[in-house]
Amino acid sequence: MGLNYQLVLWNKNKKVYDRYILLFVLLYLVLFWAITLITNRNTTLETLTIRSSGTLAILLLHIILSIGPLARINTKFLPLLYNRRHLGVTMFLIALIHGGFSIFQFHMLGDVNPIYSVFTSNLDYSSLHDFPFQVLGFIALLILFAMAATSHDFWLANLSAKTWKALHMLVYVAYALIVSHVFLGAFQQETSPYMPALIGIGFVILVILHITAGIKEVRKDRQTYKASDTDWKYVCEIDEIEEDRAKIFIVDNERIAIFKYENKLSAIHNVCKHQGGPLGEGKIVDGCITCPWHGYQYLPQNGQSPPPFTEKVATYHVKIEDNKVYVLPKALEEGTEVTPAIIK
Amino acid sequence: MNAGLRKRHLIFWILILIILPIIMIRAKINVPKQPIENKTYLEVNKQKPVLIKEINDMNDGLKFNFRGDNDKQISQLEVILVKPLKDASSTLFELNYNDEKGTYIGELSQTGVYRFPIKNQRLYGVLIFDEIKNDVVIKKVFQWD
C-alpha cells in the first residue's frame, strides 16, 4: 500500500522475490540451451530462443495460475500471491520475446507487413492440422500485454477495481488461447509425446487446484442468511475467534468479517477494495485490519483506510450476549463508524 | 472476492474444463499419421554406401543424393541443406506428375544432412512446403537420363 505511485513498487520482500524469479528464469534458459545444444548441435539461435522462451512462458503461466487457488487452500502460499504481479510481468516479457522472434523468423522475410502476414498467411480455419495457430498466440500476447501494462496501482485506481478485475480475468482466455496455440501449432509436428503430456498434466493440475479451492469456497457459502436490519444473527462463541483474527459470516452470499482485537469486536465487509482480497483471512496489524493479499489496511471500527488513504468498506453492528457473538446482517454505508462490542 | 467474482471464476473454469480437453484431443487426433520409416532420424537412416545419382541446386543451397545398397536400386534420398531455408517450418514432399504435393517425405529445418528412405526409384521431383504459411518454398524437378 503506497500513497504515491512508483514505476515499480519494490520493497525488501519484493526484491528478494524478484531475485528468485530472475534466478529461476536464467537457470531455465541456461539448462534449456545447454541440453538442446548437446542433443542437437545444428539448432539455430532463433529456434533456440523461440522454443526456450515459449516453454518458459507457458511454465510461468501455469505457476501464476496456480498461486491463487493455492493461497485459498493453504495460507502459506499467501506471500506468493502478494508478489504475483512481478511474476506476471516477467512472464509477459518472456512471451514477448517468443512472439517477437517468431514473427521475425516466420514473417519478416516476406513482402507484406509481418503483423498483417500473421493474420493472412494462413486462412485455413477449417483445418485442425493446418489451423492458423499463430493468430491464437498473437491474441494471447495482446491480452498479456494489456494485463502487464495495467499491472500497476495507478491503473487499478483509474480504471476502477471492477474494470481492472474484469480485464485481468482475461488471463483465463489467454491461457485457453495459449494451450490451443501450442496444440494446434507446435504439437502438430512434435514427434515426442512428452511435451503434449506435460501440458496435459499442467492443465489437470490447474483444474484440480481451482476446483478444490472452488469447493472450499462453496462450502463456506452454504451457511448463508438473509440480510436484515432487525434480526440479529448468531455467529459464534467469543472464544471461537482468535485474538487479532476474524470469523467470517455469510449473508446473501456476501461475507462479513468479525474481528476480535483489544477486547473488542468489530464487523466489516470481507472484500478488500484493492483487488477483492478476503479481509477476514487477514489479521490486525498496528491496529488495522490488514488484507492478506497485498497489505491494504482498514480501521476495524469504521472500515476506512487510515489517512491519507481513502478506501473504505461497509461496516456492521455487532453485539455480545452471554459470550455469544451476534451480527445485524445489514450493511451500513461504507466507512460508517460503529461502536465496537466490548468483551467483558 | 465477492459473490459475483466467484461466480465468474466458476464460469471461466467450467468453460475451460469443457473446451480445452476437446481442443487438445482433437488436435492430437488430427496430426497426420506419417509412415514411421519416413521420419528424419539420422540414427535410423544411416547413409547407404553407393551414390547412384547426384543433383545439385546451389541457387537454393540444396544437394540431392540418391543412394542405395547397390548401384541398381535407389533406396535413400540424401538431402544436404547447405544454406538455411527462409521458412523455418519446412516439409519435404514428393512432387507428383501434376506438379503438385505428393507423398510426404520428411521434415527439414536447419542446415545439415537429411536422409529419407524412398521407394520411388526415379522421383519426378520434390517440393519443400511451409506448413505454417501453407506455401510452396521450393519446387525442384529432377532430370533423369
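Structure's up top.
Residues numbered from 1 in each chain as written. Chains lettered and ligands numbered in written order. Predicted model: local features only at pLDDT ≥ 70, side-chain atom pairs only at ≥ 80, totals over all residues. Heavy atoms only, no water.

In this chain, A:Pro307 is followed by A:Pro308 through a cis amide linkage whose omega measures 10°. Topologically, A:Pro308 is positioned in the loop between β8 (297–298) and β9 (315–321). At A:Asp286, a position not held by glycine, the phi torsion is positive, near 55°. When you line up the elements, A:Asp286 lands in the loop between β6 (283–285) and β7 (288–290). Even without being a glycine, B:Asp99 presents a positive backbone phi close to 60°. B:Asp99 sits in the partly exposed class, given a relative accessible area of 32%. (Helix = DSSP H or I, 4+ residues; strand = E, 2+ residues; numbered from the N terminus. Buried < 20%, exposed > 50% of the residue type's maximum accessible area, 1.4 Å probe, protein only.)

What follows covers the pairing of strand β1 (residues 50–57) of chain B. Residues and elements named next belong to chain B. The pairing of β1 with strand β2 (residues 62–68) spans seven bridges and is classified as antiparallel. Looking at β2, one finds that Val50 is bridged to Gly68. Counting the residues in the hairpin turn of β1 and β2 gives four residues, including Gly61, whose phi is positive at 70°. (Pairing = 2+ DSSP bridges.)

Moving on to the pattern of salt bridges. Side chains that differ in sign of charge can pair as their charged atoms come close. Overall, the coordinates contain 11 salt bridges over all chains when judged by the stated rule. One salt bridge connects A:Glu281 with A:Arg72, and the closest N-O pair in it is separated by 3.3 Å. Here A:Glu281, found in the loop between β5 (264–269) and β6, pairs with A:Arg72, found in helix α2 (residues 45–73); they are 209 residues apart in sequence, far enough to count as distant. With a closest N to O distance of 3.1 Å, B:Arg67 and B:Glu78 form a salt bridge. Highlighted residues: B:Arg67 in strand β2 and B:Glu78 in strand β3 (residues 76–81), separated in sequence by 11 residues. The same class applies to B:Arg67 and to B:Glu78, which are both buried. Connected via shared salt-bridge partners are B:Arg67, B:Glu78 and B:Arg115. (Salt bridge = Lys/Arg side-chain N within 4 Å of Asp/Glu carboxyl O.)

Another aspect to go through is the interface of chain A and chain B. As a measure of interface size, the accessible area lost when the parts come together is often cited. At the junction of the two partners, chain A supplies 47 residues and chain B supplies 33 residues. When chain A packs against chain B, the two sides together hide about 3700 Å² of surface, and 67% of this comes from carbon and sulfur. When the buried area of chain A at its contact with chain B is split by residue, A:Met169, A:Tyr172 and A:Phe203 rank highest and sum to 16% of it. Here chain A is connected to chain B by zero salt bridges. On inspection of chain A and its partner chain B, the count reaches two residue pairs in polar contact (both at pLDDT 80 or more). Secondary structure elements with two or more residues in the side of chain A that touches chain B: α4 (84–107), α6 (133–149), α8 (161–168), α9 (171–184), α10 (194–222) and β4 (254–261) of chain A. For the side of chain A that touches chain B, the per-class residue count stands at 21 nonpolar, 18 polar and eight charged. (Contact = heavy atoms within 4.5 Å. Buried area = accessible area lost by both parts, 1.4 Å probe. Polar contact = N/O pair within 3.5 Å; in protein donor to acceptor, adjacent residues only side chain to side chain. Nonpolar A, V, L, I, M, F, W, Y, C, P; charged D, E, K, R; others polar.)

The next point concerns the packing of helix α1 (residues 12–39) of chain A against α4(A). All names here are of chain A. In the contact formed by α1 and α4, the axes pass within 10 Å of each other and the chain directions differ by 30°. Compared by their axis directions, α1 and α4 come out roughly parallel. In terms of crossing hand, the pair formed by α1 and α4 is right-handed. Contacts from Lys14, Tyr17, Asp18, Ile21 and Val25 in α1 reach Arg84, His86, Leu87, Thr90 and Ile94 in α4. Counted by class, the contact of α1 with α4 contains five nonpolar, two polar and three charged residues. (Axes fitted to C-alpha atoms, helices over the stretch in contact; angles between N-to-C directions. Parallel < 35°, antiparallel > 145°, perpendicular 65-115°, else oblique. Left-handed = near helix turned anticlockwise from the far one by under 90°.)

Function cannot be inferred from these measures alone, as they are strictly geometric.
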